Amino acid sequence: MRVFYEVYGAGEPTILLLPTWSIIHSRFWKAQVPYLARHFRVVTFDGRGNGRSDRPAGAEAYSPTEFAKDAVMVLDSTATDRAALVALSSGALWATMLAADHPDRVDSIVYVGPGVALVSNHPERDVSPFEDALETDPDWVNAAGLLQHDYLGFLEFFFGRCFVEPHSTKQIEDCIGWALETTPQTILDTILGIGIPREERFRGTCARVRCPTLVIHGDRDLIRPHVQGEALARATGGDVVTLHGSGHIPLGRDPVKVNLLIREFVARRRPTSAWTRAKARGRRALYISSPIGLGHAQRDVAIADELRKLHPDLQIEWLAQHPVTEVLQARGELIHPASAHLANESRHIESESAEHDLHCFQAWRRMDEILVANFMVFHDLVSEERFDLWIGDEAWELDYYLHENPELKSAAYAWLTDFVGWLPMPDGGEHEAFLTADYNAEMIEHIARYPRVRDRALFVGDPEDIVAESFGADLPAIRDWTEQHFSFAGYITGFDPARVADLESLRTELGYNDDERVCIVTVGGSGVGADLLRRVIASFPEAKRLVPELRMIVVAGPRINPASLPTHHGLEVRAYVHDLYQHLAACDLAIVQGGLTTAMELTANRRPFIYFPLKHHFEQNLHVHHRLNRYRAGLRMDFDDASPGTIAAAIANEIGRQVDYQPVTSDGAARAAATIAELL
């Protein structure tokens, strides 16, 4: 019997995250592992019957005794003398057996939604044996028949009852995906096997548990009633934490609260060793800038500069990751050491992209565990160090989990964004329209329920920059709602317009000659744009023939290796260029992706440009495109239809063209800083 296990971290003590019912494997701990592994040593393993562990046949192979033996085997294999156990649902059975039979190896137990039979189950689950098959709508009385004849239907039924919390589409999708990695027959074996020794001996097993125990149980758990958790706490001499409004798997739906409860119980945390009186503290702000691209960093350092003018004593520290740190380091900004613990979001976005194609909304949904992990880094930091102000520029993890856990807010909080509303792409069909509307509805509910979480909400732009769309069926219009809940800073260019006002002097300073036409090709701070760079590079020979005085400079950025790109005689390929905005202001033409920041820099400097929105990137195709249309800026081209020849022809037509863009305001950073400074 092979059991797959993993080990994370190196702290003390060790936490053993036990498997639950084999319908899912150890990935269900994904929101806990990164956080706990920064404080403890963490061991997980796939329960027999799913994941990368074996799938023995027959009910006898799935008794709680066998799962408990597997746990001991994993402890031995990982050289773990003692561990704190954390168990979900059925995992409570083998956690209790392990503590009772091997008391020298268990420090404590945290039970989450324990599946034990110390008291009666929900009445609807006791009306008929689980293995009965009836031809009715999905219900407990015909669950086994559904399991054998419509496995996907059973999974949708079961996990729909595990997650009673609204807006749980992602958690349900995850669990169904993991459950599809095993078979209905294996699940039937586990149902019979887990039930073999369960009821007759379990109360006596509980009486032999000597370690501290904690039960975490949702009062809306439709799988195992709250009274069962209370009974287990009494039987083991432990405590109960009731999560009001939570269902059966709160570690997936309410991960922040569960993570904190586990850490506090396992660590028996000591009080802090030092404290500074409030009046003796300097003023500090923590700035969290979205790492998806470099545009947020440019505008955020501009806001930071303006804040320092208003409050010279303010110390601004950054919780940031690559590529934002490239900009911050070049500017001499103070990057907090906790930044080293952040999971990289740009790397995830790059992994989700194909040839000039990024399904932005779905990529963001699949970033859920990264967002949880990074919020926990933030929470640890602000729990241990005091700040007067938090500023989040599209720091989605911060905004979402503060609204999910408003009691964790301990400082003034300002939120910035340059778009509002998830929008479906046309080829996503009804399902994507449903999902985006569901996410929007949750956000609207957050703001309505907890308006105090955001002390300031700033839209980077003007009301006219907001798309004329609704959040979804039966939801408000995006522009109307945003005008009610945001202040408007105007666009923030991130640079001083006076610095680039003298075009002739700027070109001389940058080494551009009067007799050359300069074309800058750049795709921002992520590595998603490499395919566009290659396509434009392929157009260079023909473009050079059409425009003999052409000088094309390709800027790879911080996450694309210039050596990975092809080249031609006379073509220049450069790595990351600090203060790229100066080169864009001096160029005769720019070729860019559809990102907002670069396009608006070019608009503000009245430079002609061609932009290629990423396929399926709703923000670039809908929000940014709407804004650029308002400014009458840029030539939009479609990557799929753009051959090297058509790109060369477009370069020849657009380079050096006189533009008629609507003016871009230049005081956005100062306006944003003035609004934020009120919180200090």
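Remember, it's a predicted structure, so these values are computed and weren't measured experimentally.

J.: Give a detailed account of the overall build of the protein, specifying residues and quantitative values.
T.: Of the regular secondary structure elements, the protein holds 27 helices and 20 strands. Taking 2.2 N^0.38 as the reference for a compact globule, 680 residues should give roughly 26 Å; the C-alpha atoms of the protein span a radius of gyration of 28 Å, in line with that estimate. The principal-axis extents of the C-alpha atoms in the protein amount to approximately 90 × 60 × 50 Å. The 680 residues of the protein split such that 60% are buried. Long-range pairs, those at least 24 residues apart, make up 75% of the contacts in the protein with a sequence separation of at least 6. For the protein, the exposed area adds up to about 26600 Å²; of that, 49% sits on carbon and sulfur atoms.

J.: With reference to specific residues and values, describe the sheet that holds strand β2 (residues 14-17).
T.: Taken together, seven strands build an open sheet; the order of strands is β1-β3-β2-β4-β5-β6-β7 and the sheet is mixed. Either end of the sheet is taken by a strand with one partner, and the two such strands are β1 (5-8) and β7 (239-243). Strand after strand, the sheet turns through a mean of 15° between neighbouring axes, direction not considered. Along the sheet face, helix α2 (residues 64-77) touches β1, β2, β3 (41-45) and β4 (83-88) and points at about 135° away from the line of β3.

J.: Before we move on, can you summarise helix α25 (residues 618-630) with the specific residues and values?
T.: With 13 residues, α25 extends 18 Å between its outermost C-alpha atoms, agreeing within 8% with the 18 Å of an ideal straight helix rising 1.5 Å per residue. The largest bend in α25 amounts to roughly 35° and is located at Val624. For α25, the set of buried residues is Phe618, Glu619, Gln620, Asn621, His623, Val624, Arg627, Leu628 and Arg630. Those residues of α25 hidden inside the fold are in contact with α16 (360-365), β13 (456-459), β18 (589-593), α24 (596-604), β19 (609-612) and β20 (635-636). Immediately beyond the C-terminal end of α25, within one or two residues, lies Arg632, with a positive phi of roughly 55°.

J.: Can you break down the packing of helix α6 (residues 151-162) against helix α7 (residues 169-179) residue by residue, with the values?
T.: Between α6 and α7, the shortest axis-to-axis distance is 10 Å and the interhelical angle comes to 140°. Considering their axes alone, α6 and α7 lie oblique with respect to each other. The handedness of the crossing between α6 and α7 is right-handed. Contact with α6, carried on its side by Tyr151, Leu152, Leu155, Glu156, Phe159 and Gly160, involves Ile172, Cys175, Ile176 and Ala179 of α7 and no other residues of that element. The class makeup of the residues in the contact of α6 with α7 is eight nonpolar, one polar and one charged.

J.: If you had to explain the packing of aromatic side chains to someone new, which residues and values would you point to?
T.: For any two aromatic rings, the description comes down to two numbers: the centre-to-centre distance and the angle of the planes. Throughout the structure, instances matching the rule amount to 27 aromatic pairs. Measuring from ring centre to ring centre gives 4.9 Å for Phe378 and Trp390, while their planes differ by 80°; the resulting arrangement is edge-to-face. In this pair, Phe378 sits in helix α17 (residues 368-384) while Trp390 sits in strand β11 (residues 389-393), placing the two residues twelve residues apart along the sequence. Each member of the pair Phe378 and Trp390 is classed as buried. Aromatic pair Phe419 and Phe618: ring centres 5.6 Å apart, planes at 75°, arrangement edge-to-face. With Phe419 in the loop between β12 (412-417) and α19 (429-449) and Phe618 in helix α25, the pair connects residues that are 199 residues apart, well separated along the chain. Phe419 sits in the buried class, given a relative accessible area of 6%. Here Phe618 falls in the buried class, since its relative accessible area comes to 1%. Through a chain of ring-to-ring contacts, the aromatic side chains of Phe361, Trp364, Trp396, Trp415, Phe419, Trp422, Tyr439 and Phe618 assemble into a single cluster.

J.: How would you sum up helix α27 (residues 668-677)? Please name residues and give values.
T.: Counting buried residues in α27 gives seven out of ten residues, a clear majority hidden from the surface. Those residues of α27 not exposed but buried are Gly668, Ala669, Ala672, Ala673, Thr675, Ile676 and Ala677. Check the buried side of α27 and you find it contacts α13 (295-310), β11, β12 and β13.

J.: Report on the pairing of β7, specifying residues and quantitative values.
T.: Side chains on a regular strand alternate between the two faces of the sheet. Sheet topology note: the strand β6 (residues 213-218)/β7 ladder contains five bridges and is parallel. Note that in β7 the partner of His217 across the bridge is Thr242. You can see the chain leave β6, run along helix α10 (residues 226-236) and come back into β7, and the turn it takes is right-handed.

J.: Which residues make up the pattern of salt bridges, and what values go with them?
T.: In total, this model carries 47 salt bridges according to the counting rule given. The residue Glu66 makes a salt bridge to Lys69 at a minimum N-O spacing of 4.0 Å. Linking Glu66 with Lys69, this pair stays in helix α2, spanning three residues, or about one helical turn. Of the residues examined, Lys69 reaches a relative accessible area of 49% and is grouped as partly exposed.

J.: Any details on the confidence of the model for the protein? Residues and values, ideally.
T.: Mean pLDDT over the protein works out to 92, with 95% of the residues at or above the 70 mark. The model gives residues 128-136 a pLDDT under 50, and that stretch makes 16 contacts with residues more than four places away or in other chains.

J.: Could you give an account of the sheet that holds strand β10 (residues 334-335), with specific residues and numbers?
T.: Spatial strand order, β10-β9-β8-β11-β12-β13-β14: seven strands in an open sheet with parallel pairing. Every other strand in the sheet has two partners, leaving β10 and β14 (487-488) as the edge strands with one partner each. Where strand β9 (residues 315-319) meets β10, two bridges bridge the pair, whose relative direction is parallel. In the strand pairing of β10, Trp318 is matched with Ile335. Contacts from α27 reach β11, β12, β13 and β14, with the element oriented near 170° to β13.

J.: Describe the side chain of Thr417, naming the residues involved and giving the relevant values.
T.: On the secondary structure map, Thr417 appears in strand β12. A distance of 3.1 Å separates polar atoms of two side chains, one belonging to Thr417 and the other to Glu394. Sequence-distant contacts of Thr417, defined by excluding residues within four places in its chain, comprise Arg299, Glu394, Trp396, Leu458, Phe459, Val460 and Phe486.

J.: Can you lay out the nonpolar core for me, pointing to particular residues and giving the numbers?
T.: With 137 residues, the main nonpolar core has Leu16, Ile23, Phe154 and Phe159 as its most contacted residues. If you look at the next biggest cluster of nonpolar residues, it comprises 62 residues, including Val555, Leu584, Tyr631 and Val659.

J.: So what about a negative patch on the surface? Which residues, and what values?
T.: A contiguous patch of negative charge on the surface is contributed by Asp502, Glu504, Asp514, Asp515 and Glu549. Topologically, Asp514 is positioned in the loop between α21 (503-510) and β15 (517-522). A relative accessible area of 72% places Asp514 in the exposed class.

The rules we used
Residues numbered from 1 in each chain as written. Predicted model: local features only at pLDDT ≥ 70, side-chain atom pairs only at ≥ 80, totals over all residues. Heavy atoms only, no water. Helix = DSSP H or I, 4+ residues; strand = E, 2+ residues; numbered from the N terminus. Rg over C-alpha atoms; globule rule 2.2 N^0.38 Å. Buried < 20%, exposed > 50% of the residue type's maximum accessible area, 1.4 Å probe, protein only. Contact = heavy atoms within 4.5 Å. Areas by Shrake-Rupley, 256 points an atom, 1.4 Å probe, with all protein chains shown as cover. Pairing = 2+ DSSP bridges. Axes fitted to C-alpha atoms, helices over the stretch in contact; angles between N-to-C directions. Expected span 1.5 Å × (residues − 1). Bend = angle between axes of the 7 residues up to and from the residue. Parallel < 35°, antiparallel > 145°, perpendicular 65-115°, else oblique. Left-handed = near helix turned anticlockwise from the far one by under 90°. Nonpolar A, V, L, I, M, F, W, Y, C, P; charged D, E, K, R; others polar. Phe/Tyr/Trp six-rings, centres within 6.5 Å; stacked < 30°, edge-to-face > 60°. Right-handed = clockwise from strand over helix to strand, strands pointing away. Salt bridge = Lys/Arg side-chain N within 4 Å of Asp/Glu carboxyl O. pLDDT = per-residue confidence, 0-100. Polar contact = N/O pair within 3.5 Å; in protein donor to acceptor, adjacent residues only side chain to side chain. Core = buried A, V, L, I, M, F, W, Y, C linked by side-chain atoms within 4.5 Å. Patch = residues over 30% accessible without salt bridge, like charges linked within 9 Å, V, L, I, M, F, W, Y side chains within 5 Å. Lys, Arg positive; Asp, Glu negative; His and termini not counted. Charge placed at Lys NZ, Arg CZ, Asp CG, Glu CD.

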